Amino acid sequence: DDSHIIRATHSSILTSVKKLLGLPADYEAFDPDIIMYVNTVLMILSQMGVGPKEGFFISDKSATWNQFIADPVKVEAVKAYVAVKVRLLGFDVPQSSVTKEALQNTASEMEWRLNVEHDHPKE
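Residues numbered from 1 in each chain as written. Predicted model: local features only at pLDDT ≥ 70, side-chain atom pairs only at ≥ 80, totals over all residues. Heavy atoms only, no water.

Notes on the packing of helix H2 (residues 13–20) against helix H5 (residues 74–89)
- Contact pair H2 / H5: the axes reach a minimum separation of 9 Å and the direction vectors enclose 65 degrees. In this structure, the crossing between H2 and H5 has a hand that is right-handed. Residues Ser 16, Val 17 and Leu 20 of H2 lie in contact with H5, whose contacting residues are Lys 79, Val 82, Ala 83 and Val 86.
- For the contact of H2 with H5, the class distribution of residues is five nonpolar, one polar and one charged. (Axes fitted to C-alpha atoms, helices over the stretch in contact; angles between N-to-C directions. Helix = DSSP H or I, 4+ residues; strand = E, 2+ residues; numbered from the N terminus. Left-handed = near helix turned anticlockwise from the far one by under 90°. Contact = heavy atoms within 4.5 Å. Nonpolar A, V, L, I, M, F, W, Y, C, P; charged D, E, K, R; others polar.)

So, helix H3 (residues 31–47)
- For H3, built from 17 residues, the straight-helix expectation of 24 Å at 1.5 Å per residue is met to within 8% by its first-to-last C-alpha distance of 24 Å.
- Downstream of H3 by a residue or two, Gly 49 has a phi angle that is positive, lying close to 95 degrees. (Expected span 1.5 Å × (residues − 1).)

Right under this line is the structure:
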């Protein structure tokens, strides 16, 4: 049953990032900040060759993951990367230098893996 994959790719980018940051979907006080950081990360991904060539941005919770990337396998890695980068860019930055360094290392590894995946797309 692939219905869980379809639901994951058709879910809201903003709502899923908020969930990964530990925020309820209906709490909107930080939405403008999160949207700004998400758009920054989506620009980074576009520069890496992930997502639409013309770029992509969100302005509210209506934009979905499948609009950014159609591949249901890669979408999970992209979601995790966006959440980690949003934290590092300024939303809920860890106070602990050890935690921050671990997140930075995770982001770097994800960037490398997404680049490798893009450089060798499946035919």
